[in-house]
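Secondary and tertiary structure notes
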Amino acid sequence: MSETALAPRPWLPAGRPRPGSPRGRRRSGRARLVTGAGGLVLLVAAAVLVPWLGGLDEGTVDYTAIRLPPSPTHPFGTDSVGRDVLLRSFAGLGVSLQVAAACAVLSTVIGTLFGALSGLLGGWWDRIAMRLVDAVNAVPHLLLGIVIVALYRGSVLAVIASIGLTHWTTVARVVRAEILTLRTRPFVDAAISGGASRRRVLRRHLLPAVAPQAVLSAVLILPHAVWHETALSFLGLGLPPHLASLGTILGEGRQAVLLGSWWIVVFPSVLLAATTLCVAGIAAWWRDRTLPRRRSEQAL
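Residues numbered from 1 in each chain as written. Predicted model: local features only at pLDDT ≥ 70, side-chain atom pairs only at ≥ 80, totals over all residues. Heavy atoms only, no water.

So, on to the packing of helix α3 (residues 85–121) against helix α6 (residues 156–164). Viewed as axis vectors pointing N to C, α3 and α6 meet at an angle of 45°, and their least axial separation amounts to 8 Å. Considering the angle they form, α3 stands oblique to α6. Considering how the two elements wind past one another, α3 and α6 form a crossing that is right-handed. Residues Val99, Ala102, Cys103, Leu106 and Ser107 of α3 touch α6, and the partners they reach there are Val156, Val159, Ile160, Ala161, Ile163 and Gly164. (Axes fitted to C-alpha atoms, helices over the stretch in contact; angles between N-to-C directions. Helix = DSSP H or I, 4+ residues; strand = E, 2+ residues; numbered from the N terminus. Parallel < 35°, antiparallel > 145°, perpendicular 65-115°, else oblique. Left-handed = near helix turned anticlockwise from the far one by under 90°. Contact = heavy atoms within 4.5 Å.)

A word on α6. Helical geometry note: an α-helix holds 3.6 residues per turn, so side chains three or four residues apart project in the same direction. Among the residues of α6, those classed as buried are Ala158, Val159, Ile160, Ser162, Ile163 and Gly164. Buried residues along α6 sit against α3, α5 (141–151) and α9 (198–234). Its side-chain oxygen placed 3.4 Å from the backbone nitrogen of Leu157, Ser155 serves as the N-cap of α6. (Buried < 20%, exposed > 50% of the residue type's maximum accessible area, 1.4 Å probe, protein only. Polar contact = N/O pair within 3.5 Å; in protein donor to acceptor, adjacent residues only side chain to side chain.)

Next up on the list: a nonpolar patch on the surface. Side chains of Val44, Val48, Leu49, Trp52 and Leu53 sit close together on the surface and give an oily, nonpolar patch of about 550 Å² of accessible area. Along the polypeptide, Val48 turns up in helix α2 (residues 22–53). Owing to a relative accessible area of 56%, Val48 belongs among the exposed residues under this scheme. (Patch = residues over 30% accessible without salt bridge, like charges linked within 9 Å, V, L, I, M, F, W, Y side chains within 5 Å. Areas by Shrake-Rupley, 256 points an atom, 1.4 Å probe, with all protein chains shown as cover. Salt bridge = Lys/Arg side-chain N within 4 Å of Asp/Glu carboxyl O.)

Summary statistics for the chain give a mean pLDDT of 78 and a share of 85% for residues scoring 70 or more. Mean pLDDT across the elements of the chain ranges from a minimum in helix α12 (residues 292–299), with 44, to a maximum in α3, with 88. Confidence over residues 293–300 falls short of pLDDT 50; this stretch has 12 contacts with residues more than four positions distant or in other chains. (pLDDT = per-residue confidence, 0-100.)

Here we come to the environment of Phe90. Relative to the helices and strands, Phe90 resides in helix α3. For the pair Phe90 and Val48, spaced 42 residues apart in the sequence, the C-alpha separation amounts to 7.7 Å. In this view, Phe90 contacts Ala46, Ala47, Val50, Pro51, Phe76 and Leu271; residues no more than four positions away in its chain are not counted.

Bringing unusual backbone geometry into the picture now. A positive phi is found at Arg67, a non-glycine position, where the angle reads about 50°. Looking at where Arg67 falls in the secondary structure, it is placed in the loop between α2 and α3. Overall, Arg67 belongs to the partly exposed group, its relative accessible area being 32%.

Okay, here's the thing in structure tokens:
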């Protein structure tokens, strides 16, 4: 035997799972869930409570406190018109999360229905549906979103539509693939043999089976929608300027950075990155929890 095989394994305290073992992977998954969910709850609570407890409207200007650096009075500093960046950042985070949640729900609903019908009906409908998905994917999502928003500039509904109508294709492909797999299962054959219509099979059997994948897709779309809304607002095509969001704050602060006011951009960017990491942790746990292949791999 080689020396490597005879080498003693590193000592681990009693009760501590070995890295890479099924118990260790489960423990790591729970840690991601606790960290991600806890961080997201704190961010959402701060987005609700900080502007309310601040005692001032996030849009209140003070020309005597223009571009003040972070201090005990203004922990995140002030912007180019004297507004408190702390209040404005958390208020903008709340607006961005609301818009992103609406976009994620819209994309998931469209993609789930489209993919389920495509996989269930098959034939020419499936071929046409997949070519439509390819056509939507061929156009850059940001470019298509800019075109939609430009038609109704300054409208919140236009921003939601521009993101929701361009991000449903991934959900449709995932749901279609799952439906094609489920169509060969015995319980579907039994339902069809018993006289169940396609509508009943879809509503009672197929849609509940693909619900975990749909929820996972919605969770994954959420941070992407936040970044997409931020990009549109940063370009001046998203939410109206009077409505604070992370994108509008970053768009207003890009000129201030050249004057040395780094805090106007840094703190909103940190909130944006923290939100993305928290949602990514929750999505990783949900994926390991719901996908059968991942569960079987962890059980080995």
